[in-house]
Amino acid sequence: MGILALLVFIAVTVVMNVPLKRPISESLLVALLATALVGGKDALSLLWTGVWGALDNDVTFAGMAFVFMGVIVSATGLIERLIEIFNSVFGRLRGGAAYVSTAGSAAIGLVAGSTAGNAATVGSVTIPWMKENGWSGARAATLVAGNSGLGVSLPPNSTMFIILATPAAVGVSAGDVYVSLFAAGAYCVLYRMLVVFIWTRRDGIRRTDSRHLATFGQALSTGWTSMTIFVGILIPVLLTFGPLFNWLESEARIGESAMGEISIIVWVPILISAIALIEGRKRLRGNWGHLRRAIRAEAPQFATVGISLFAALAASNIMSELGVGPQLSETLAQLQLPKPLLVLVVCLTAVLVATPLSSTATAAAIAAPAVIALGTVDVPAVVAICAILVCTSTEGASPPVGAPIYLSAGMAEVSPQKTFVPLIIWFVVPIIAIAWLIAMGWLPIPS
């Protein structure tokens, strides 16, 4: 019954979201009801168990908290000041604008998980700048669309929360996934920096006039407070992972049970939001109406994230009650595919599904079987989750339907078709390779 419930959940979600073009939140709610009906006479009992478990899970709160955090960070202009610091470092290099674009996408990926939002925010600033400094419109659009995936391959993001809500993630610490995904995302950032280096030389991009650029010292003196955003990430990480956590969890100090109550995915958005409000208080002074309007504008996104996470968590609980985990493990073990091939099949499946669907919908549809499949060849659950997230991060760079492709092409004033082949060659295929190497254990991440 567990596998049947999973198949029903996937089928209803995909049919509602793609052919019927219903919002993902609505699709997941209908899929939740359909999943409960698989239980027959126990449907109401299963639905109650699933709903209660979802309401009691901090992932639901965390997903909406990160949306709120993104609004606060954007409204206070903190990211703009951070990009100025990046510009003072990379702006003097050949192809400096492209390096800043990549670093900016990474910075935004750490506070907001939307690929389209990443492309729109970074592209509006860096695409004109790249074109002014010798980059073609097609190259600029390709880079911004390709970098948009950093919104998913770096924590936090709603896709990560959806996967944490699946039956396959039972017993997996959200804090461990956060730290491990940070490491996996770092590989993706380094690869993109290498792409910029190669393109700079292939396209003959020259060093730009840096006389009008602020020095690193000047940029730091005026914008150093923007870097305090990383304190909001560092403190929860140190308190939930590593030597400080091990020292504090001793019964002679705070104790294991008390330290175990600290949730990284709850405290990161709270601390970053507080830091952004303090750091950006001068910009907000006398302009609180701007923040209120920004929050109101994001109200639909709050609803979408909250409902989607709630429905996915509840359905996950139902599938777990019906025994989906053991049933899938037994079925997949019977296939007896060699580990490299099975990992590749799972990665390709995640990318193919993420092409028509959003990364969030992809995670809701296939994350559970993907994580369980990788578990049958001894891939740790945390590593499997990170590999799948890296695969689904190709959503924004996968032609012909990735929204960032059209956003970037529009800002660069080029035909989107000019970016299709470069995106596949430079971003989709290599990101699949990175995910495969992570799952195989050849690109190590904490697990």
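Whatever comes next refers back to the structure up there.
Not measured: the values here are computed from a predicted model.

Let us now look at the state of the cysteines. One pass over the full model with this rule turns up 0 disulfides. Between Cys 386, a cysteine without a disulfide, and Cys 188, which holds the nearest cysteine sulfur, the sulfur-to-sulfur distance is 10 Å. Cys 386 sits in the buried class, given a relative accessible area of 0%. In this structure Cys 391 is not part of a disulfide, and its nearest cysteine sulfur, from Cys 347, lies 3.7 Å away.

This paragraph deals with the side chain of Thr 76. Mapped onto the elements, Thr 76 comes out in the loop between helix 4 (58-75) and helix 5 (78-90). Setting aside residues no more than four positions away along its own chain, Thr 76 makes contact with Arg 81, Ala 276, Gly 280, Arg 283 and Leu 284.

Our focus in this paragraph is helix 6 (residues 96-109). With 14 residues, helix 6 should reach 20 Å at 1.5 Å per residue; the first-to-last C-alpha distance of 20 Å fits that figure. Counting buried positions along helix 6 gives 14 out of 14 residues, so the element sits mostly inside the fold.

For the rest of this paragraph, the subject is the packing of aromatic side chains. Aromatic rings considered in pairs are described by the distance between their centres and by the relative angle of their planes. A full pass over the atoms with the stated rule returns 4 aromatic pairs. For the ring pair Trp 48 and Trp 52, a centre distance of 5.9 Å and an interplane angle of 25° mean the geometry is stacked. In this pair, Trp 48 and Trp 52 both sit in helix 3 (residues 43-55), 4 residues apart, roughly one turn of the helix. Neither Trp 48 nor Trp 52 differs from the other in exposure class; each is exposed. Taking the centre distance of 5.7 Å and the plane angle of 80° together, the rings of Trp 199 and Trp 426 count as edge-to-face. Placement of Trp 199 in helix 11 (residues 174-202) and of Trp 426 in helix 25 (residues 417-440) is noted, with a sequence separation of 227 residues between them. Residue Trp 199 shares its accessibility class with Trp 426, and that shared class is buried. A cation over a ring is seen here: Arg 139 above Trp 199, with NZ or CZ 4.3 Å from the ring centre.

So, on to the pattern of salt bridges. This model, assessed by the stated rule, comprises 4 salt bridges. The salt bridge involving Arg 22 is made with Glu 26; its shortest N-O contact spans 2.9 Å. Residue class for Arg 22 comes out partly exposed when judged on its relative accessible area of 37%. The partner of Asp 203 in a salt bridge is Arg 139, with the nearest N and O atoms 2.8 Å apart. You can see Asp 203 sitting in the loop between helix 11 and helix 12 (216-223) and its partner Arg 139 sitting in helix 8 (residues 137-147), a full 64 residues away along the chain.

How each quantity is defined
- Residues numbered from 1 in each chain as written.
- Predicted model: local features only at pLDDT ≥ 70, side-chain atom pairs only at ≥ 80, totals over all residues.
- Heavy atoms only, no water.
- Disulfide = S-S within 2.5 Å.
- Buried < 20%, exposed > 50% of the residue type's maximum accessible area, 1.4 Å probe, protein only.
- Helix = DSSP H or I, 4+ residues; strand = E, 2+ residues; numbered from the N terminus.
- Contact = heavy atoms within 4.5 Å.
- Expected span 1.5 Å × (residues − 1).
- Phe/Tyr/Trp six-rings, centres within 6.5 Å; stacked < 30°, edge-to-face > 60°.
- Lys NZ or Arg CZ within 6 Å of the ring centre and 35° of its normal.
- Salt bridge = Lys/Arg side-chain N within 4 Å of Asp/Glu carboxyl O.

So yeah, pure geometry; function would need other evidence.
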